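Architecture at a glance
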2 protein chains.
Amino acid sequence: MKPDHFHVTSECTMVNEILSRVGDKWTVLVVSYLGNGAMRFNELRRTVSGISQKMLTTTLRGLERDGFVTRTIFPTIPPRVEYELTDLGRELLVPVRALGAWAVSNHDRVLAARNRFDAAQGAVSEPFGPERNLSEAAE
Amino acid sequence: MKPDHFHVTSECTMVNEILSRVGDKWTVLVVSYLGNGAMRFNELRRTVSGISQKMLTTTLRGLERDGFVTRTIFPTIPPRVEYELTDLGRELLVPVRALGAWAVSNHDRVLAARNRFDAAQGAVSEPFGPERNLSEAAE
DNA sequence: CGGCATCCATTCCGATACTG
DNA sequence: CAGTATCGGAATGGATGCCG
């Protein structure tokens, strides 16, 4: 058999757990920003820009639960809550950023393949005018 | 240690695109198995074991669209369709497996953090009997 | 064998309103 | 400021049936 290939069985459960956490809509954004240092709730809210406070709370709770961020409350008036990556979170950041770097490097290749595929699909169903907006199927 | 930090702005769109593709329920499984060599449709179906043919089709189409796998049809009787990773797909496999390796290595730490968190949550809302099944909230 | 189409359950996520 | 609670729409994913 092949030299590489680690057993694709129960390990994938763990891999999928991590990827599901990391692959959702906001986690990477939040973790990436927190990679620059501790931040407060509304500071994150403004920075991520587009996230609802519900999803920010949900995302942060999930990350806290899995031990990737700490939540520190300063009982002042007004209250102050800071979120910061744990060691585990910073370690996670390494492979995540590797994947991120890959994504940035190969974004164009993916887009090109996507356009090629969509053009080919449009050609069979619409032989007379396959000209489609390239961004229609992307989102 | 934090001399890194690449700009967390538009790059994250691409990162999130890749992570959303890779973070769904089946993609990593399928790509991992295809990393061992070309496979037929029902061969994949049997191997992944648990996937519906709808999701297998959807997953493979998405991967094909983004240029990660090729789909080769042999017009025999019965028809034979083989899926294989492209160069792009094999390159993607590298950072994905790095993340996978991290997930396997640190799975226990995540679980421990999760149990700690859940125990702490149960303690405040249920002061008399915080004993909960450790797997109830995991899935 | 390798699909696609349809229906249905679940989950995700955003908008809004309210609380300490 | 930092949340919680609730609603509804959108997206995801499974089961089933049909087709070349």
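What this report covers is the structure whose coordinates are included nearby. (Residues numbered from 1 in each chain as written. Chains lettered and ligands numbered in written order. Predicted model: local features only at pLDDT ≥ 70, side-chain atom pairs only at ≥ 80, totals over all residues. Heavy atoms only, no water.)

Digging into the sheet that holds strand β1 (residues 39–40) of chain B
Paired through their backbone hydrogen bonds, the strands of a sheet run either parallel or antiparallel. Residues and elements named next belong to chain B. Strand order in the open sheet formed by three strands is β1-β3-β2, and the pairing between neighbours is antiparallel. Both outer strands of the open sheet, β1 and β2 (69–74), are each paired with one neighbouring strand and no more. Sheet topology places β2 next to strand β3 (residues 80–85); six bridges connect them, and they run antiparallel. When the sheet's bridge partners are listed, Phe74 is paired in β3 with Arg80. Most of the contacts of helix α2 (residues 27–34) go to β3, to which it runs at about 95°, and overall it touches β1, β2 and β3. Lying on the sheet, helix α4 (residues 53–65) is in contact with β2 and β3; it crosses β2 at an angle near 110°. (Pairing = 2+ DSSP bridges. Helix = DSSP H or I, 4+ residues; strand = E, 2+ residues; numbered from the N terminus. Contact = heavy atoms within 4.5 Å. Axes fitted to C-alpha atoms, helices over the stretch in contact; angles between N-to-C directions.)

Comments concerning the relation of the copies chain A and chain B
Of the two same-sequence chains, chain A is brought onto chain B (RMSD 0.1 Å, axial shift 0.0 Å) by a rotation of 180°. In short, the pair behaves as if placed about a two-fold rotation axis. Taking C-alpha positions as the reference, the residue of chain A nearest the rotation axis is Gly23 of chain A, at 2.2 Å. Mapped onto chain B, 98% of the interface residues of chain A again fall at the interface, so both copies present the same surface. (Least-squares fit on C-alpha atoms with pLDDT ≥ 70 in both.)

Observations concerning the interface of chain A and chain B
Residue-level contacts link 53 residues of chain A with 53 residues of chain B. For the pairing of chain A and chain B, the buried interface totals around 5,100 Å² over both sides, and the portion due to carbon and sulfur atoms is 66%. On the chain A side of the contact with chain B, Arg65, Leu99 and Trp102 of chain A bury the most area, a combined 15% of that side's loss. Linking chain A with chain B are eight salt bridges, by the criterion used here. Inspection of the region where chain A meets chain B yields 14 residue pairs in polar contact (both at pLDDT 80 or more). When residues of the side of chain A that touches chain B are traced back to their parent elements, those giving at least two are α1 (11–22), α2 (27–34), α4 (53–65) and α5 (87–125) of chain A. In terms of residue count, the dominant contributor to the side of chain A that touches chain B is α5 of chain A (20 residues). Classifying every residue of the side of chain A that touches chain B by side-chain character gives 26 nonpolar, 12 polar and 15 charged. (Buried area = accessible area lost by both parts, 1.4 Å probe. Salt bridge = Lys/Arg side-chain N within 4 Å of Asp/Glu carboxyl O. Polar contact = N/O pair within 3.5 Å; in protein donor to acceptor, adjacent residues only side chain to side chain. Nonpolar A, V, L, I, M, F, W, Y, C, P; charged D, E, K, R; others polar.)

Focus: the nonpolar core
Within the largest apolar cluster, 62 residues are counted, with the highest numbers of intra-cluster contacts made by Leu34 and Leu44 of chain A together with Leu34 and Leu44 of chain B. Each residue touching Leu34 of chain B, except ones within four places of it in the same chain, is listed here: Met39, Leu44, Leu60, Val69, Tyr83 and Leu85 of chain B. (Core = buried A, V, L, I, M, F, W, Y, C linked by side-chain atoms within 4.5 Å. Buried < 20%, exposed > 50% of the residue type's maximum accessible area, 1.4 Å probe, protein only.)

Notes on the protein's contact with DNA strand D
Close contacts around DNA strand D come from 20 residues, with Gln53, Arg71 and Tyr83 of chain A together with Lys25 and Lys54 of chain B the closest. Atoms of DNA strand D within 4 Å of the protein: sugar and phosphate make up 67%, bases the balance. Contact between DNA strand D and Asn42 of chain A: a phosphate oxygen at 3.0 Å from a main-chain N or O atom of the residue. One of the side-chain nitrogen or oxygen atoms of Arg71 of chain A is found 2.4 Å away from a phosphate oxygen of DNA strand D. Broken down by secondary-structure element, the contributors of at least two residues to the surface near DNA strand D are α3 (41–48), α4 and β3 (80–85) of chain A together with α4 of chain B. Residue classes in the surface near DNA strand D are distributed as seven nonpolar, five polar and eight charged. (Near = heavy atom within 4 Å.)

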